[in-house]
Amino acid sequence: FQIKWNHDDVPYDGAVRVNPQLRFVDSRSLSARKIMVRIGVAVMGEACYKTEAEMYAPAELPDDIQTLCNTYPLRLPVEMGEKTFLIDVDLSAPIECERILSYTITPMLSEKRIAGDKVVIRGAAILHLLYRCSENRICATDLEVPISQYAQLENAYGTDATSDVQLAVTSLELDQTDDNQLRLKCGMVAQYMINDRILAAITEDAYSTKREIALMQEVLSFPAMLEQRTEMIPIHHQFPGICGDPVDVRVFSEFPRCARTGDRVILDLSAVLQVLYYAEDGSLQTANGRWDGNFQLDADPNCQFVVNVHPCQHMQVSAGTSDFNLIGKYQIQLNTTSVQGLMMVVGLEMGELTEINAIRPSLILCRPEGETLWSIAKRCGSTVVDIQRVNDLQAEPLDNRMLLIPVI
């Protein structure tokens, strides 16, 4: 199948990361020679494209112009790409395996780190086999294939940079030979996004003690990465009224639905569960169920979330006297971003110098709660340096402290 996604706001030089999820698989007989198979797939696409922001750096200014400059550490997405690779290995099938009935492969990441101009990816591909054994029974097992790859980056990065990597399967072939060997060919793609810490020097304000100036200001907006984290939510589901011997379990995760209530975000989680088992009469049966859960977190109303679902882990089914119990872990990755803005001076117009009254007295005032030395100096016609000098200050004073303000 092919999925097309149209979005007018994404330019042609943008890149898209795709996270597909298999939602369900079922089948039914149409005739003695035909079976209809239905497959449901959900796809989340994340489009990214490069933008540029101009940082204003004031030219050489007269000595009477005071400027407020601050440096902010920003964590921004700086590079995005993908690496395709092929796994081509020989494996030993289970000794009792007579015929492979079905197989799936699930990539699992254990390490994603940046080494200079490369992103290193390590993990394993879990090959899940459903096969018929010599006793004419259906069995299931997992085989682990190591993954070790690296992708070349456009730039070299330091220890502050982090990587966000998603693995997806693009092709899968498995052949069984007469000597009970398996030949696995699996195509994969690793899609990565690099986030790095950048120091942005911003000129936020300016004034003069000797002339009028007019400021031109603009808001500098940027998409900041606030947090990346992985959460494991326990899954527990009971299949009542079932007796027998469990053979296999499949979990089809759905993308979470987000709802906001004030400063909290509620993620509604769900998954379709399928168990293959032998009933007490020896017949092969299936049981379906649905698991629903939720996850809550505190979040600023201005934050945005990208929630990626990863394969469920540690799925186990145990048989009781009259039911099956399934336990496991539902895994999600939360990427929290926010479009933040900083007021930036982009230009100023200076008036003519004026004569200052030489006998203007200095001021003594009590620092209002929360007011900075900059705002006091600007309001009173002084400078931060002079206030610090006459009051023997190295940093912002305590609230309500008496300050001597030299007027220039």
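**Student:** What exactly am I supposed to notice about the overall build of the protein chain here?
**Tutor:** A tally of helices and strands in the protein chain yields two helices and 16 strands. At 31 Å, the protein chain has a C-alpha radius of gyration far larger than the 22 Å of a compact globule built from 408 residues. Dimensions of the protein chain along its principal axes, counting C-alpha atoms only, are 105 × 45 × 40 Å. Going through the 408 residues of the protein chain one by one, you find that 39% of them count as buried. Contacts spanning at least 24 positions in sequence make up 74% of the contacts within the protein chain whose residues lie at least 6 apart. Accessible surface, the protein chain as shown: approximately 23,900 Å² in total, 48% of it carbon and sulfur. Between the centroid of the 35 positive side chains of the protein chain and the centroid of its 55 negative side chains there is a distance of 4 Å.

**Student:** Help me understand the confidence of the model for the protein chain, please; the structure alone is not making it clear to me.
**Tutor:** Fine structural detail should not be taken from predicted coordinates in areas where pLDDT scores are low. Within the protein chain, residue pLDDT values average 87, and 95% of them lie at 70 or more. Here strand E1 (residues 15-29) is the element of the protein chain with the lowest mean pLDDT, 81, and strand E5 (residues 138-157) is the one with the highest, 95.

**Student:** Sorry if this is basic, but what is going on with the packing of helix H1 (residues 373-380) against helix H2 (residues 384-391) here?
**Tutor:** The geometry of a pair of packed helices is captured by two quantities: the angle between their axes and the separation between those axes. Where H1 meets H2, the axes come as close as 9 Å, and the angle between the chain directions of the two elements is 105°. Between H1 and H2, the crossing angle belongs to the class labelled roughly perpendicular. For the pair H1 and H2, the contacting residues are Leu373, Trp374, Ile376 and Ala377 in the first and Val384, Ile387 and Gln388 in the second. Its residues placed into classes, the contact of H1 with H2 shows six nonpolar, one polar and no charged.

**Student:** Got a minute to help me understand unusual backbone geometry in this structure?
**Tutor:** As a rule of thumb, non-glycine residues mostly have phi less than zero, and peptide bonds are mostly trans rather than cis. Even without being glycine, Asn136 reaches a positive phi, approximately 60°. Inspection of the secondary structure puts Asn136 in the loop between strand E4 (97-133) and E5. We classify Asn136 as exposed; its relative accessible area is 57%. The backbone of Asp392 shows a phi angle near 55°, a positive value even though the residue is not glycine. For Asp392, a relative accessible area of 64% corresponds to the exposed category.

**Student:** So what exactly am I meant to see when it comes to a nonpolar patch on the surface here?
**Tutor:** On the surface, Val16, Val18, Leu22, Val25, Ile35, Val37, Ile39, Val41 and Val43 cluster together into a nonpolar patch covering about 670 Å² of accessible area. Contributing elements (two or more residues each) for the nonpolar patch: E1 and strand E2 (35-48). Counting residues per element, the nonpolar patch draws most heavily on E2, which supplies five residues. Within the fold, Val25 resides in strand E1.

**Student:** What's the story with the sheet that holds strand E7 (residues 181-208) in this structure? I'm lost.
**Tutor:** Whenever strands of a sheet pair, they do so through backbone hydrogen bonds, lying parallel or antiparallel. The strand order across the open sheet built from three strands is E3-E7-E6, with neighbouring strands paired in antiparallel fashion. Two strands lie at the open edges of the sheet, namely strand E3 (65-92) and strand E6 (162-176), each paired on one side alone. Taken over all neighbouring pairs, the strand axes of this sheet differ in orientation by 10° on average, direction set aside. Across 27 bridges, E3 lies against E7 in antiparallel orientation. In the strand pairing of E7, Phe85 is matched with Met188. Its contacts with the sheet place H1 against E3 and E7, and it is angled at close to 30° to E7.

**Student:** Is there a simple way to explain the packing of aromatic side chains in this structure?
**Tutor:** To describe a pair of aromatic rings, you give the distance between the ring centres and the angle between the ring planes. With the rule as written, the count across this model stands at three aromatic pairs. Both rings, one in Tyr207 and one in Trp374, keep their centres 5.0 Å apart while their planes meet at 70°; by these two values the pair is edge-to-face. Placement of the pair is Tyr207 in strand E7 and Trp374 in helix H1, with a sequence separation of 167 residues. Here Tyr207 matches Trp374 in class, with each residue buried. Consider the rings of Trp291 and Tyr330, whose centres lie 5.3 Å apart with planes at 40°: the pair is tilted. Taken together, the residues span a long stretch of sequence, with Trp291 in strand E12 (residues 284-298) and Tyr330 in strand E14 (residues 323-350) at a distance of 39 residues. Residue classification places Trp291 among the buried residues on the basis of a relative accessible area of 7%. In this structure Tyr330 comes out as buried when scored by relative accessible area, which is 0%.

**Student:** Explain the state of the cysteines to me, please; I cannot follow it from the model alone.
**Tutor:** Linking two cysteines covalently via their sulfur atoms produces the bond known as a disulfide. If you walk through the whole model with that rule in mind, you get zero disulfides. With no disulfide partner, Cys97 has as its closest neighbouring cysteine sulfur the one in Cys133, 8.9 Å distant. What makes Cys97 buried here is its relative accessible area of 6%. This cysteine, Cys366, is not joined by any disulfide, and Cys380 carries the nearest cysteine sulfur, 12 Å off.

**Student:** Which parts of the structure should I look at to understand the pattern of salt bridges?
**Tutor:** Side chains carrying opposite charge are able to pair once their charged atoms draw close together. Tallied over the entire structure, the rule returns 21 salt bridges. Close ionic contact of Glu227 with Arg229 constitutes a salt bridge, the shortest N to O distance being 3.8 Å. Looking at Glu227, the relative accessible area reads 35%, which means it is partly exposed. With relative accessibility at 27%, the residue Arg229 sits in the partly exposed group. Across the pair Asp386 and Arg389 runs a salt bridge whose closest N-O atoms are separated by 3.2 Å. Highlighted residues: Asp386 and Arg389, both in helix H2, separated by three residues, approximately one helical turn. Note on Arg389: relative accessible area 57%, which makes it exposed. Connected via shared salt-bridge partners are Arg23, Glu254, Arg290 and Asp292.

Conventions we followed
- Residues numbered from 1 in each chain as written.
- Predicted model: local features only at pLDDT ≥ 70, side-chain atom pairs only at ≥ 80, totals over all residues.
- Heavy atoms only, no water.
- Helix = DSSP H or I, 4+ residues; strand = E, 2+ residues; numbered from the N terminus.
- Rg over C-alpha atoms; globule rule 2.2 N^0.38 Å.
- Buried < 20%, exposed > 50% of the residue type's maximum accessible area, 1.4 Å probe, protein only.
- Contact = heavy atoms within 4.5 Å.
- Areas by Shrake-Rupley, 256 points an atom, 1.4 Å probe, with all protein chains shown as cover.
- Lys, Arg positive; Asp, Glu negative; His and termini not counted.
- Charge placed at Lys NZ, Arg CZ, Asp CG, Glu CD.
- pLDDT = per-residue confidence, 0-100.
- Axes fitted to C-alpha atoms, helices over the stretch in contact; angles between N-to-C directions.
- Parallel < 35°, antiparallel > 145°, perpendicular 65-115°, else oblique.
- Nonpolar A, V, L, I, M, F, W, Y, C, P; charged D, E, K, R; others polar.
- Patch = residues over 30% accessible without salt bridge, like charges linked within 9 Å, V, L, I, M, F, W, Y side chains within 5 Å.
- Salt bridge = Lys/Arg side-chain N within 4 Å of Asp/Glu carboxyl O.
- Pairing = 2+ DSSP bridges.
- Phe/Tyr/Trp six-rings, centres within 6.5 Å; stacked < 30°, edge-to-face > 60°.
- Disulfide = S-S within 2.5 Å.

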